[in-house]
Number of protein chains: 2
Amino acid sequence: MGKKTRTAERRQESLSRERIIKASIEILDGDGEEGLTFRALSDRLATGPGAIYWHIDSKSELLTAACDAIVAHAVDAPVLGMPPEDAICALSLSLFDAIDAHPWVGAALTHAPGQMPVVRILERIGQQVRALHVTDGEEWQAVCALLNYIVGVSRQNAANAQFTRARGLCRSTFLESLAITWSQLDRKDYPFTCDIADQLPDHDDRADFLAGIKLFLSGLRSSN
Amino acid sequence: MGKKTRTAERRQESLSRERIIKASIEILDGDGEEGLTFRALSDRLATGPGAIYWHIDSKSELLTAACDAIVAHAVDAPVLGMPPEDAICALSLSLFDAIDAHPWVGAALTHAPGQMPVVRILERIGQQVRALHVTDGEEWQAVCALLNYIVGVSRQNAANAQFTRARGLCRSTFLESLAITWSQLDRKDYPFTCDIADQLPDHDDRADFLAGIKLFLSGLRSSN
DNA sequence: ACCTGAACACCGTTCAAGT
DNA sequence: ACCTGAACACCGTTCAAGT
C-alpha cells in the first residue's frame, strides 16, 4: 500500500505524441476540461509532468490536437451523393453531436481560430455551399455564417450541459427551475421571457440547432 | 520606494459590490480575462483578497455580474419605432460591438446560461421576433437561433482578436500569414480553403456577422 | 534523445484573528 | 458587520540532473 504501489504498473511503451493525445482525450471525456492537468496526465502515463513537454509545446497545443482528432472524425460523415442542402444538415448535425459528446471540443475550437480543426469544418461546409451556386460575393459570407453558427451554437449547447452537470443537476430539473425563475420576472420589463418560459423545459436543443441551419439555407435560397 | 508606498493611497470609501464590479471591469478591459485575479483586484481596491468574498460569492459570479453591466447597456440601443427587422439588426450590431470592445463578455455569456445577461438579450430579440408575427411553432426556434448566433459569433470574433493580440500580432499580419498557410494546403484535400484563402485578409467580421443575421431574417420571411 | 521530479511563480478560496 | 492576510491545495511550466 502507499504511493509506490503504482510503480509496478510502470509503462511498457515509450511516450509519444499520439499516446499523450489519446490519454488526454480519455481524461477530457471522463473528467471534463478541468480534469486535464499535466499532473493527472503524467500520472495516467506513468511519468513525470516534465516528460510531456518533450513531445508537446503547451497545454493549449495539446487541447487543439485533441480537438482535431475528434473533429477529423466527425467531419468524415458520409455525404456523398446527397443534395448539398442535405449534406450541410448532415455535417452540421454530425459536428453538433460530436461536440455534445465531447463538450471540451467546443472550447478548444474557439481558441484555435484558423487552425486545422476549424479548417476541416470550413472545407467540408465550403464545398457544399459552393455546390449550391450562390453568387461569388455571397459565398464567403454564407460559409462564414454557417461555420460560425455551427461552432458557436454547438459550443453553447455543450457549455449548458457542463453548467448543469457541474452543479450536480440533471437537465430537466435545471430547466424547470429556470422556467420558474423566468416566469416570475416582472411582466412589465420581461413580457416575452415570461411568455415563453413554459416552452423552456421541453425544448430540443438539437432540433433548434437544425432549425437554425434550415433558416440559413432557406435564406440563401430566397436571396438567389 | 518599496511595497509600503501604496499604503498611503489606502481607500477612502468602504468596499461594496458595485465598487468591486466596477474595478473588475476596468481590469478586464485593460488586461483581459487572465488579468483579473483576486490579488490584482484587491490590490486595486487597496484591500486583501479575502475581503472581496464578503461581497461576492465566487469569481464566476463576479464575471457574470460584470458581464451583465455591459450587456444591460448594449441592449439599451434605441430601436423604438423601427421596423422589427431593422431593430433586430440594430440590437445584434450593438451586442457585437459591445463584445468586440469587451472581449471577456463573450466568455462570460457562455458560462451563464439562462442567467440575467442572457435573459436581457432574449427579451429584446424576442419582442422583435414576436412583432414579425411568425407562426407560434416557429417563434421559439427563430429566437433561439438568433440568440445563439449573436452570442456565438460575437464570442468567436472576440476570441479571434484576443488570440492575435496574445501573440503580439496585429490583425492584418495574422490574417495574411494565415492566408498563406491556407493557400499552401494540399489542393486535393482542401480545394475550397485554398480557393478562398485570398479573401481572408480583407474580410470584414462585422459585415459578415450582419450578413448572417440578414440570411436568418430572409429565411424567416420566406418560410412564412 | 528522452525522461525525472523538485522547484518556481502563480491561482481561487478559506479562515482565524482582528476592528 | 466588515476586513485582514497568512495558509491551503492546487495550477502550467522550467530545468538541472539523470539514463
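Above this text you will find the structure in question.
Described below are features of the structure shown in this document. (Residues numbered from 1 in each chain as written. Chains lettered and ligands numbered in written order. Predicted model: local features only at pLDDT ≥ 70, side-chain atom pairs only at ≥ 80, totals over all residues. Heavy atoms only, no water.)

It is worth spelling out the protein's contact with DNA strand D at this point. As a structural note, the neighbourhood of DNA strand D is formed by 20 residues, with Arg39, Tyr53 and Lys59 of chain A together with Thr47 and His55 of chain B the closest of them. Here the atoms of DNA strand D within 4 Å of the protein split so that 59% fall in sugar or phosphate, with bases taking the remainder. The side chain of Trp54 of chain B places a nitrogen or oxygen atom 3.4 Å from a phosphate oxygen of DNA strand D. Listing elements by their share of the surface near DNA strand D, those giving two or more residues are α2 (38-44) of chain A together with α3 (49-52) of chain B. With 3 residues, the single largest contributor to the surface near DNA strand D is α3 of chain B. (Near = heavy atom within 4 Å. Polar contact = N/O pair within 3.5 Å; in protein donor to acceptor, adjacent residues only side chain to side chain. Helix = DSSP H or I, 4+ residues; strand = E, 2+ residues; numbered from the N terminus.)

Over the atoms rolls a probe the size of a water molecule, and its path tells where empty space is left. Of the pockets and cavities examined, the largest pocket occupies roughly 1500 Å³. Considering the residues around the largest pocket, the lining is formed by 50 residues, among which His111 and Arg155 of chain A together with Glu33, His111 and Arg155 of chain B are closest to the centre. Going through the elements one at a time, α4 (59-74), α6 (104-110) and α8 (136-166) of chain A together with α4 (59-74), α6 (104-110) and α8 (136-166) of chain B are the ones with two or more residues in the lining of the largest pocket. Among the residues forming the lining of the largest pocket, the class breakdown is 21 nonpolar, 16 polar and 13 charged. (1 Å grid on protein atoms, 1.4 Å probe; cavity = no way out; pocket = protein on both sides within 12 Å on 5 of 7 lines; lining within 4 Å. Points joined across faces, edges and corners; volume = space filled by probe spheres on them. Nonpolar A, V, L, I, M, F, W, Y, C, P; charged D, E, K, R; others polar.)

Turning our attention to the protein's contact with DNA strand C. Surveying the vicinity of DNA strand C reveals 20 residues, the closest of which are Thr47 and His55 of chain A together with Arg39, Tyr53 and Lys59 of chain B. For DNA strand C, the fraction of atoms within 4 Å of the protein that belong to sugar or phosphate moieties is 59%. In the model, a phosphate oxygen of DNA strand C is placed 3.1 Å from a nitrogen or oxygen of the Leu15 of chain A main chain. Looking at the surface near DNA strand C, the elements with two or more residues in it are α3 (49-52) of chain A together with α2 (38-44) of chain B. Class assignment of the residues belonging to the surface near DNA strand C gives a composition of 7 nonpolar, 8 polar and 5 charged.

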